[in-house]
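Chain by chain, the residues run as shown.
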Amino acid sequence: MYLKRPAGGLAFCLFYLASCFTNKYVLSVLKFTYPTLFQGWQTLVGGLLLHVSWKLGWVEINLCSRSEILSWLPASILFVGIIYAGSRALSRLQTSHLKVCSVLFLLVAAVCLPLCDTQFDPNGYLWALIHLICVGAYKVFHKLWKPSSLSDLDQQYINYVFSVVLLASASHPAGDLFSALDFPFLYFYRFHSSCCASGLLGFFLMLHTVKLKSSTTSGQYAAWSFLAKVITASLSPFFFVMTANVLTISCLVISGVGEALLVYAERTGT
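Residues numbered from 1 in each chain as written. Predicted model: local features only at pLDDT ≥ 70, side-chain atom pairs only at ≥ 80, totals over all residues. Heavy atoms only, no water.

*Asks:* What exactly am I supposed to notice about the packing of aromatic side chains here?
*Replies:* The relation between two aromatic rings is expressed through the spacing of the ring centres and the mutual angle of the planes. Tallying each qualifying case throughout the model produces 14 aromatic pairs. A ring pair is formed by F12 and Y16, whose centres lie 6.1 Å apart and whose planes are at 45 degrees; its orientation type is tilted. Residue F12 and its partner Y16 are located together in helix α1 (residues 6-29), separated by four residues, close to a single helical turn. Comparing F12 with Y16 shows no difference in burial state: the two are buried. Pairing F203 with F204 gives two aromatic rings, centres 5.5 Å apart and planes at 65 degrees, and the pair type is edge-to-face. Classification of F203 by relative accessible area gives buried; the value is 4%. Here F204 falls in the partly exposed class, since its relative accessible area comes to 34%. (Phe/Tyr/Trp six-rings, centres within 6.5 Å; stacked < 30°, edge-to-face > 60°. Helix = DSSP H or I, 4+ residues; strand = E, 2+ residues; numbered from the N terminus. Buried < 20%, exposed > 50% of the residue type's maximum accessible area, 1.4 Å probe, protein only.)

*Asks:* Which parts of the structure should I look at to understand the nonpolar core?
*Replies:* In summary, soluble globular proteins display a tendency toward joint burial of nonpolar side chains. Grouped together as the largest cluster of nonpolar side chains are 13 residues, with contacts concentrated most on F32, F38, F183 and F191. Those elements that provide at least two residues to this core are α1 and α8 (189-215). By size, the runner-up hydrophobic cluster in this structure holds twelve residues, among which are A75, F79, I83 and Y138. (Core = buried A, V, L, I, M, F, W, Y, C linked by side-chain atoms within 4.5 Å.)

*Asks:* I'm lost on the packing of α1 against α8 in this one. Help?
*Replies:* Pairs of packed helices are described in terms of their axes, by the angle between the two and the distance that separates them. Look at α1 against α8: their axes get within 8 Å of each other, and the N-to-C directions meet at 150 degrees. Taken together, α1 and α8 sit at an angle that is classed as roughly antiparallel. Relative to α8, the crossing made by α1 is left-handed. Every residue of α8 that contacts α1 at G8, G9, A11, F12, F15, Y16, A18, S19, T22, N23, Y25 and V26 is listed here: R190, F191, S194, A197, S198, L201, G202, F204, L205, H208, T209 and L212. A class-by-class count of the residues in the contact of α1 with α8 yields 13 nonpolar, ten polar and one charged. (Axes fitted to C-alpha atoms, helices over the stretch in contact; angles between N-to-C directions. Parallel < 35°, antiparallel > 145°, perpendicular 65-115°, else oblique. Left-handed = near helix turned anticlockwise from the far one by under 90°. Contact = heavy atoms within 4.5 Å. Nonpolar A, V, L, I, M, F, W, Y, C, P; charged D, E, K, R; others polar.)

*Asks:* Please explain a nonpolar patch on the surface as it appears in this structure.
*Replies:* A surface patch of nonpolar side chains, about 420 Å² in accessible area, is lined by I231, L235, F238 and F239. Here I231 is to be found in helix α9 (residues 218-239). Under the relative-accessibility criterion, I231 is labelled partly exposed at 30%. (Patch = residues over 30% accessible without salt bridge, like charges linked within 9 Å, V, L, I, M, F, W, Y side chains within 5 Å. Areas by Shrake-Rupley, 256 points an atom, 1.4 Å probe, with all protein chains shown as cover. Salt bridge = Lys/Arg side-chain N within 4 Å of Asp/Glu carboxyl O.)

*Asks:* Just checking my understanding: could you explain the packing of helix α2 (residues 35-55) against α8 for this structure?
*Replies:* For the pair α2 and α8, the least separation of the axes is 9 Å and the interaxial angle reads 55 degrees. Judged on the interaxial angle alone, α8 and α2 are oblique. Seen along the crossing, α2 lies across α8 with a hand that is right-handed. Contact with α2, carried on its side by F38, W41, Q42, V45, G46, L49, L50 and S53, involves C195, C196, S198, G199, L200, F203 and M206 of α8 and no other residues of that element. Of the residues belonging to the contact of α2 with α8, the class tally is ten nonpolar, five polar and no charged.

*Asks:* Mind showing me how you'd approach the side chain of D176 here?
*Replies:* Relative to the elements of secondary structure, D176 occurs in helix α7 (residues 176-179). The buried charged residue D176 lacks any salt bridge, with R88 as its nearest oppositely charged partner at 4.7 Å. Leave out the neighbours within four places in its chain, and D176 touches Y34, P35, T36, L37 and S171. (Lys, Arg positive; Asp, Glu negative; His and termini not counted.)

*Asks:* For this particular structure, what's the right way to read the environment of L63?
*Replies:* Here L63 is to be found in the loop between α2 and α3 (66-92). Dropping the residues within four chain positions of it, L63 is found in contact with I69, L150, D154, Y157 and I158.

*Asks:* I keep staring at α8 and nothing clicks. Help me out?
*Replies:* For an α-helix the count is 3.6 residues per turn, leaving residues at separations of three or four pointing the same way. Taking 1.5 Å of rise per residue, 27 residues should cover 39 Å, and α8 covers 39 Å from first to last C-alpha, within 8% of that figure. Among the residues of α8, F191, S194, C195, S198, G199, L201, F203, L205, M206, T209, V210 and L212 are the ones counted as buried. The elements touched by buried residues of α8 are α1, α2, α6 (152-171) and α9. (Expected span 1.5 Å × (residues − 1).)

*Asks:* Would you mind going over unusual backbone geometry with me for this structure?
*Replies:* Peptide bonds are trans in most cases, and residues, glycine excluded, mostly fall at negative phi. Non-glycine residue K31 carries a positive phi angle of around 60 degrees. Position of K31 among the secondary structure elements: in the loop between α1 and α2.

Okay, here's the thing in structure tokens:
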């Protein structure tokens, strides 16, 4: 059975959907295109909530070994690359976001989609490519590093702290700090409420991701993750203005087939 623990899995899908839609609204509808500030805000909220949860005894975090914390910093750098590049890509692109065969399907879709996109934005696809490279490198590092004592929450706590420091330091050199003062919705309630929601939803999505990973096999988690992406992609056209043609939709379907095959391969071990 692919989708075990339906309560946890459905909660994960719900927070995934809400988090993606909220981020998309802030970045591409309100057009708050200052990723050092937006991602810095999200990681600050996530870090503070995780710290408070730790101090209240709601979650367990053990950061006793300085050497292991330092050894995890390369992954934290990749984490910043993931969220920064993902934010850049999401603000520009209008489309949502057997192993050999499945990888080929994904590659075909990835190559063809920019060619078929009626609103082609080279910078958007460049940031999407950087995002994917960082995601892949992060996963490879995590698999090769194999931490002996740092849990998923420990790693995320380090990621949050490092991201806040790095993004805050980069906000002025990147020009985001003062450029944001000219943002037309800076004093609007919908911008403030959306930013608050994005921080909270990102934190709860992280918690449910860690919980789902720890309570299911890798194949079952992959199946839930795939379902969350399908739901999000299916509902996106009802909430956001998207221009697509038959070729664009075909590329997205091919990508979905490729990821479905990856889930099947992960489940069967082939």
